[in-house]
Amino acid sequence: MTFRYIPVIGLEIHVQLSTATKIFCPCSTDYIGAEPNTNVCPVCLGLPGSLPVLNKRAVELGVRAGLALSCTIRNHTVFHRKNYFYPDLPKAYQISQYDLPLAEGGEIYIPGDDGRPRRIRITRLHLEEDAGKLVHSAADGRLEGAAFSFVDYNRGGVPLAEIVSEPDITSPREAREYVARIRQTVRYLGVSDGDMERGSLRVDANVSVKKTDETSGEVLYWGERTEIKNMNSLRAVERALEYEIIRQTGVLAEGGSLERETRHWNDGEGITTSMRSKEAANDYRYFPDPDIPPIVVTEELLESTRNALPELPWAKERRFAGEYGLPEADAAFMAESLPVALYFEECVKNGAAPLRAANWIRTEVFRVMNEKGLSMDSFPVKPSVLAELVALVEGGKLSTTVAREVFAHLAEGRSLKDALPAAGASPGGLSAEDVEKMVDRVLLANGDVVEEIRSGRDPKGKKIKFLTGLVMKEARGQADAAAVSGILERRLGEGR
Amino acid sequence: MTISEKDVRHVADLARLRVEEKEIEPLVRHFEAILGHFATLSRAREEGRLNLDGVDPFLFSEREAPPLREDEPVRSAVRDDVLAAAPERKDSFFVVPRILEEE
């Protein structure tokens, strides 16, 4: 019997919601780079007698994300206390949600491994508070053997939405696609900035491997699952899962067994390592937080949120492909982020041919953005200006090569009027007279070729093409090649 | 409802409570009394003596939905006092015994 090992992956994604204040108190959420323990108050420090009051915006953003992921939104949702002791949690419980989450039963589509769209079911989306941050390396610079940890509660109480998928993901690549899709969606929605490196989007993966009979497909054995933490980029998600699946498959293939544990991804070494297993620690003794009565999500809120949903990435991709005739890959690229999509459409509205505009954005605009570390919003070339440039190329008034030079000047902050001559192109393109003069100069400088053509020694038209090329070079691509060869033919015919 | 001494120790452990040996036995009886009461209710329901159809679990004494807060930052003045009262601090950090869950 031959065996096949099939991975089963489910992901939990925590996204920090883009609110100005924490979920249960009015402290600022601006914790990155802030002095430790500045944005704290009795509520998020867990002082006795303080009471949580839920942030309306957090609920709105949660509902927004839930609706975009096609979830059902509960009209009554309840917060629970998740009890555990850890110094980043001053109350000794995290306010989270348990069996009555804000949103349930959604779905999202990703490009599957077979190229076809694959549906990934979303179990639930619930709201909870973030924990504080522990700094293990000493603040006084000592790294090794420090006997203390340092606690900063600025992040404690920042609102999170936890999005839990069903175990529908079957490969590391699909996991990466799923995370990318969720990140893209929360960014489109303005629900979170989704920055994985800064930790505003964090991914935990549950992965197991089942051993099946290659021929019958029958599941022979299902290995225990592990949870992987600390994957701080899309690439890390993919690599960590690749590693873990190989590791688990290896154990099962040798007849070993796996234990349920949490493993830590070490990006530098490219391995997962077992974290101290917490046998009793998973006994969280959830119970409804008596300080927070059930939250009512009104029909009005649902309706207004639904109406205010932006066009979602997958709808935009479809529209770009349909309305503008972009190939799938281009459509996906243009719809990748809202700023790029806006830039692209602004370009097209200003008269640029969609496919050409898309090509320019993919190549030149992104090259310059990457080189200069710019964002789309701060990009110096306005879409209307790029549209003008693209139209000049489209109309045959500018070669792509020269247009690129013009673009480089535009990217330096020059206006199109200044950028054209700077790249050796004339602002209004070339007049017919200009082209005639260039033809004259080329004919004069190439008397021998002219003579050969006139005496009929150019049966295949190669020599006239050569002359056309010389004129085009002189015109720096601003002349129309067909027009130039027309002029040449006329002029060469004249003196015969 | 049978509660073992082990259960009591486990719950105490989770709550980080130190329970003296002589307290264990009385606690077992307390637990059994409380849980036994609910077991009586469950039994009554199973035997059809208690009809709970359409009755939701009673989780909150508050019947009204709580007011929500607008998303407007307010700075609290409590920080310096709290830091000053901390058993140990370093600059504006709270200091705790080193805890590493990883490794």
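On a predicted model such as this, the values are computed, not experimentally measured, just so you know.

### Some thoughts on the overall build of chain A
Looking only at helices and strands, one finds 15 helices and 17 strands in chain A. Radius of gyration (C-alpha) of chain A: 31 Å, far over the 23 Å computed for a compact globule of 496 residues. For chain A, the C-alpha atoms occupy an extent of roughly 100 × 60 × 55 Å along the three principal directions. Taken over 496 residues, chain A has a buried fraction of 50%. In chain A, 69% of the contacts between residues at least 6 apart in sequence involve partners at least 24 apart. Of the charged side chains in chain A, 63 are positive and 73 negative; the average position of the first set lies 3 Å away from that of the second.

### Digging into the pairing of strand β4 (residues 79-83) of chain A
Residue and element names in this part refer to chain A. Among the five residues in β4, five count as buried, and that is most of the element. Burial along β4 is two-sided: Phe-79, Arg-81 and Asn-83 and His-80 and Lys-82, pointing in opposite directions, are all buried. Alignment of β4 against strand β5 (residues 93-97), held across five bridges, turns out to be antiparallel. Among the inter-strand pairings, Asn-83 is bridged to a residue of β5, identified as Tyr-93.

### So, the sheet that holds strand β8 (residues 133-135) of chain A
What the four strands build is an open sheet, ordered β8(A)-β9(A)-β2(B)-β1(B); its pairing is antiparallel. In the strand order of this sheet, the two ends are held by β8 of chain A together with β1 (89-90) of chain B, each with one partner. Note: β8(A) against strand β9 (residues 148-152) of chain A, three bridges, orientation antiparallel. Across the sheet, the residue bridging to A:Val135 is A:Phe150, located in β9(A).

### Thoughts on the domain arrangement of chain A
Interfaces are often sized by the amount of accessible area the parts lose when they come together. Here the domain parsing of chain A yields domain 1 (3-303), domain 2 (311-422) and domain 3 (433-494). The centre of domain 1 of chain A, based on its C-alpha atoms, is set 68 Å off from the matching centre of domain 3 of chain A.

### Quick notes on unusual backbone geometry
Residue A:Ser70 is not a glycine yet carries a positive backbone phi of 60 degrees. As for its placement among the helices and strands, A:Ser70 is situated in the loop between α1 (56-68) and β2 (72-73). You can call A:Ser70 partly exposed: its relative accessible area is 41%. One non-glycine residue with positive phi stands out, namely B:Arg16, at about 55 degrees. Assignment of secondary structure puts B:Arg16 in the loop between α1 (5-14) and α2 (21-46). Note on B:Arg16: relative accessible area 54%, which makes it exposed.

### Notes on the packing of helix α7 (residues 338-349) of chain A against helix α9 (residues 383-394) of chain A
Residue and element names in this part refer to chain A. Direction vectors running N to C along α7 and α9 enclose 50 degrees, while the axes themselves pass 8 Å from each other. Between α7 and α9, the angle falls in the class oblique. Between α7 and α9 lies a crossing whose hand is right-handed. The segment α7 lies against α9, with Tyr-343, Glu-346 and Cys-347 engaging Pro-383, Leu-386 and Ala-387. Looking at the contact of α7 with α9 residue by residue, the class counts come to five nonpolar, no polar and one charged.

### Comments concerning the pairing of strand β6 (residues 103-111) of chain A
Residue and element names in this part refer to chain A. Inspection of the sheet shows β2 paired to β6 by two bridges, in the antiparallel sense. Note on β6: the bridge partner recorded for Ile-73 is Ala-103. Sheet analysis places β6 next to strand β7 (residues 117-129), joined by eight bridges and oriented antiparallel. If you follow Ile-110 over to β7, its bridge partner there is Arg-118. If you look at the hairpin formed by β6 and β7, you'll find five residues sitting between the two strands, and Gly-115 has a positive phi there, around 90 degrees.

### Some words on the pattern of salt bridges
All names here are of chain A. The full count for this structure, using the stated rule, is 44 salt bridges over all chains. With its nearest N and O atoms 3.0 Å apart, the salt bridge here joins Lys-463 to Glu-452. Of the two residues, Lys-463 sits in helix α14 (residues 462-474) while Glu-452 sits in helix α13 (residues 447-454), which places them 11 residues apart along the sequence. Residue Lys-463 is classed as partly exposed on the basis of its relative accessible area, which comes to 27%.

### Points about the nonpolar core
All names here are of chain A. Residues Leu-11, Val-63, Tyr-178, Val-179, Val-203 and Met-231 are the most contacted members of the largest nonpolar core, which totals 79 residues. Not counting residues within four places of it along the chain, the set of residues in contact with Val-179 comprises Leu-11, Ile-13, Met-196, Leu-201, Val-203, Leu-234 and Val-237. Counting 43 residues, the second largest nonpolar core, distinct from the first, contains Phe-320, Leu-326, Val-390 and Ala-419.

### Considering the side chain of A:Arg81
Residue and element names in this part refer to chain A. Relative to the elements of secondary structure, Arg-81 occurs in strand β4. Among the polar contacts made by the side chain of Arg-81, one reaches the side chain of Asp-289 at a distance of 3.2 Å. A polar atom in the side chain of Arg-81 sits 3.2 Å from the side chain of Asp-291. Beyond its immediate chain neighbours, meaning those up to four positions away, Arg-81 contacts Tyr-93, Gln-94, Tyr-284, Arg-285, Tyr-286, Phe-287, Asp-289, Pro-290 and Asp-291.

Conventions and cut-offs
- Residues numbered from 1 in each chain as written.
- Chains lettered and ligands numbered in written order.
- Predicted model: local features only at pLDDT ≥ 70, side-chain atom pairs only at ≥ 80, totals over all residues.
- Heavy atoms only, no water.
- Helix = DSSP H or I, 4+ residues; strand = E, 2+ residues; numbered from the N terminus.
- Rg over C-alpha atoms; globule rule 2.2 N^0.38 Å.
- Buried < 20%, exposed > 50% of the residue type's maximum accessible area, 1.4 Å probe, protein only.
- Contact = heavy atoms within 4.5 Å.
- Lys, Arg positive; Asp, Glu negative; His and termini not counted.
- Charge placed at Lys NZ, Arg CZ, Asp CG, Glu CD.
- Pairing = 2+ DSSP bridges.
- Domains from an automatic or database assignment.
- Axes fitted to C-alpha atoms, helices over the stretch in contact; angles between N-to-C directions.
- Parallel < 35°, antiparallel > 145°, perpendicular 65-115°, else oblique.
- Left-handed = near helix turned anticlockwise from the far one by under 90°.
- Nonpolar A, V, L, I, M, F, W, Y, C, P; charged D, E, K, R; others polar.
- Salt bridge = Lys/Arg side-chain N within 4 Å of Asp/Glu carboxyl O.
- Core = buried A, V, L, I, M, F, W, Y, C linked by side-chain atoms within 4.5 Å.
- Polar contact = N/O pair within 3.5 Å; in protein donor to acceptor, adjacent residues only side chain to side chain.

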